[in-house]
Amino acid sequence: MATKNETKPVGKAKKEKKPFKMPHLLWIMIGIILLACLATYVIPAGQFATNESGEIIGTEFHYLGYQTPVSPWDALMSIKTGLASASTVMFVVMISGATINVVLDTGVMDDMMNWSVAKLKDKGPNLLVIMMMVLMAYLGGFGGTDALIAVVPIGILFAKKLRLDPICALGVTTFAALVGFGTGPAQQATTQMLMGVIPYSAFFTRLVIMNFFLAVAILMVLRYVKKIRRDPTKSLMYSEGWRPEEAVSADEESSLIKEVKMTWRKILVLVIFIAQYIIIALYPLLGGDSDLTFDFMIAVMLITMVLVGIIGGMSADQLGNSFSKGLASMAFVSFVIGLAKVISLVLENGNVIHTIVYILTQPLMALPRSVSSVGLTLIVAIINPIIPSATSKAAILVPIMKPVAEALGLQLNLAVVAYQMGDSFTNLVSPLLGWMIGSCAMANVPFSKWFRWAFPKVLCFIGLACVIVFLLTVTGWTGTI
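Let me sum up the structure you'll find in this document. Everything numeric here is computed off the predicted structure, so don't read it as measured data.

**A word on the nonpolar core**
Membership of the largest hydrophobic core comes to 133 residues, with the highest contact counts inside it found for Met133, Phe175, Phe213, Trp450, Trp453 and Phe461. Apart from the residues within four sequence positions on either side, Phe461 is in contact with Phe175, Val179, Phe213, Val216, Ala217, Met220, Phe425 and Leu428. In terms of nonpolar packing, the next biggest core, distinct from the first, is built from six residues, Val92, Ile95, Ile280 and Met297 among them.

**Some points on the packing of aromatic side chains**
Two descriptors summarise a pair of aromatic rings, namely the distance from one centre to the other and the angle between the planes of the rings. The final tally for this structure, using the stated rule, is 13 aromatic pairs. Judged by centre distance (5.1 Å) and plane angle (85°), the rings of Phe61 and Tyr63 are edge-to-face. Residue classification places Tyr63 among the partly exposed positions, given a relative accessible area of 43%. Ring geometry for Phe175 and Trp453: centres 5.1 Å apart, planes at 75°, overall edge-to-face. With Phe175 in helix 8 (residues 166-183) and Trp453 in helix 21 (residues 447-474), this residue pair connects regions lying 278 residues apart in the sequence. Between Arg243 and the ring centre of Tyr238, over which it is positioned, the NZ or CZ distance is 3.6 Å. Sitting over the face of the ring of Trp453, Lys457 holds its NZ or CZ atom 4.3 Å from the ring centroid.

**Overview of the side chain of Thr355**
Along the chain, Thr355 falls in helix 16 (residues 353-361). Within polar-contact distance, the side chain of Thr355 engages the backbone oxygen of Pro44 at 2.7 Å. Setting aside chain neighbours within four positions, we find Thr355 in contact with Ile43, Pro44, Ala45, Gly46, Phe61 and Tyr63.

**Observations regarding the environment of Lys160**
One can find Lys160 in helix 7 (residues 152-161). On the basis of relative accessibility, which here comes to 41%, the residue Lys160 falls in the partly exposed class. Measuring from C-alpha to C-alpha, the distance between Lys160 and Glu245 comes to 9.8 Å, with 85 residues separating the pair along the chain.

**Observations regarding a nonpolar patch on the surface**
Nonpolar side chains collect at one region of the surface, where Leu135, Ile274, Ile278, Leu282 and Leu286 lie side by side and expose about 430 Å² of accessible area between them. With three residues, helix 12 (residues 264-285) is the largest single contributor of residues to the nonpolar patch. For Leu282, a relative accessible area of 36% translates into the label partly exposed.

**Considerations on a positive patch on the surface**
Positive charge collects at one region of the surface, where Arg223, Lys227, Lys234 and Arg452 lie side by side. Take Arg223: it is sitting in helix 10 (residues 203-230).

**Brief notes about helix 19 (residues 412-424)**
When the terminal C-alpha atoms of helix 19 are compared, their 18 Å separation across 13 residues agrees well with the 18 Å that a helix rising 1.5 Å per residue should span. In terms of residue burial, helix 19 counts as a mostly covered element, since 13 of its 13 residues are buried.

**Overview of the packing of helix 8 against helix 21**
Running from N to C, helix 8 and helix 21 point in directions that differ by 40°, and their axes come no closer than 12 Å. Note on packing geometry: the crossing formed by helix 8 with helix 21 is right-handed. Touching Ile167, Leu170, Phe175 and Val179 of helix 8 are Lys449, Trp450, Trp453, Lys457 and Phe461, all from helix 21. A per-class count over the contact of helix 8 with helix 21 returns seven nonpolar, no polar and two charged.

Scoring rules and cut-offs
Residues numbered from 1 in each chain as written. Predicted model: local features only at pLDDT ≥ 70, side-chain atom pairs only at ≥ 80, totals over all residues. Heavy atoms only, no water. Core = buried A, V, L, I, M, F, W, Y, C linked by side-chain atoms within 4.5 Å. Buried < 20%, exposed > 50% of the residue type's maximum accessible area, 1.4 Å probe, protein only. Contact = heavy atoms within 4.5 Å. Phe/Tyr/Trp six-rings, centres within 6.5 Å; stacked < 30°, edge-to-face > 60°. Helix = DSSP H or I, 4+ residues; strand = E, 2+ residues; numbered from the N terminus. Lys NZ or Arg CZ within 6 Å of the ring centre and 35° of its normal. Polar contact = N/O pair within 3.5 Å; in protein donor to acceptor, adjacent residues only side chain to side chain. Patch = residues over 30% accessible without salt bridge, like charges linked within 9 Å, V, L, I, M, F, W, Y side chains within 5 Å. Areas by Shrake-Rupley, 256 points an atom, 1.4 Å probe, with all protein chains shown as cover. Salt bridge = Lys/Arg side-chain N within 4 Å of Asp/Glu carboxyl O. Lys, Arg positive; Asp, Glu negative; His and termini not counted. Charge placed at Lys NZ, Arg CZ, Asp CG, Glu CD. Expected span 1.5 Å × (residues − 1). Axes fitted to C-alpha atoms, helices over the stretch in contact; angles between N-to-C directions. Left-handed = near helix turned anticlockwise from the far one by under 90°. Nonpolar A, V, L, I, M, F, W, Y, C, P; charged D, E, K, R; others polar.

Next up, the structure:
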């Protein structure tokens, strides 16, 4: 019996639907630059008045009455200026990354991880995560700069050793460092000076606040670690190809919990590596010239690189090759940091930053004293991703916040804490912050995945920050301790 030959029309054949994939980081940054250009056409241009010395008068704002748009071509023409403006940070990041690479090439970090895992293997990964996050938070809190982006490779090694995904690598490094950086007691001296209070006053209170948020951050990361160790498919990176069994090669498998001896040389390398951050953090606290901070950092890092290489047993050629390899690995990350500066330049040249700040801060005047400080926190939290530069943000906002705080009878140090709480956590999801974007690039974590993981935690942090600021306000905290 003949059967009818059934065929499907070629034109109607179903095509396999390709999963969505985030564009390369380069195109994301260029896209944000174009959006910033569009904002200069849509948002009314405005400016705050300035006095004879060029300081912003926060109570005097006016719209220009005309737009000052920045075209995409103008933005492209600003790339050199943006790169030049961010050059100091870019070079510090590159040199710091090169120094980190020298430390990694000595094998000391690998040995430390093996030794730690071997010693604490019966206690599970939790203690290791806690130790790493405490270290990074304090480095961020007392010596935090964009240069700490170069520590991400250590987090990647850490995650591989414990069969954790790249988000955990960022969790124990950049996440912890930015929490410490945002809440650290040594990070708001400039804001305090602009606000007219003694630098580093209320140090103890803010140290307690930093440790509170560090504890919360540790619990967040430990919860995620527990979830993906129980079920790796729960990892946000599972769809990106991450598999715990592929985290280390077959050769590394036997060394996962290998017992190694920590010699005096290895310990000294670690001590020198950690000491460089302590020295850099103490420099401004001990009266060092703040204008020379980055110069001091580069000098200390270069000395650290040489000492680590010599003590680690590297030859002159090995040391030079390791340093140059580290510089090269940070080139694209540094370029991304420069592009982030270009976005800020577009918004500034389009005269829309002051308009955004003015619109967001006006409702503060109608708030009662008991919650006005909370309003300050929320306003800064909203503005922070737009102006990731702490110095630029303080220069614009403090002249507005100070008269508002004085009119409402708020302690100026309380206004500083409110500012710091708002300035702290949205850094973790800011696409304009070179530190955050660069860290994602180094760990090969799509920003969309990182945003999905970090955003709920940012909301939690902001909620807790508002509670703390509210309690300080209603209890009459004076900012003396």
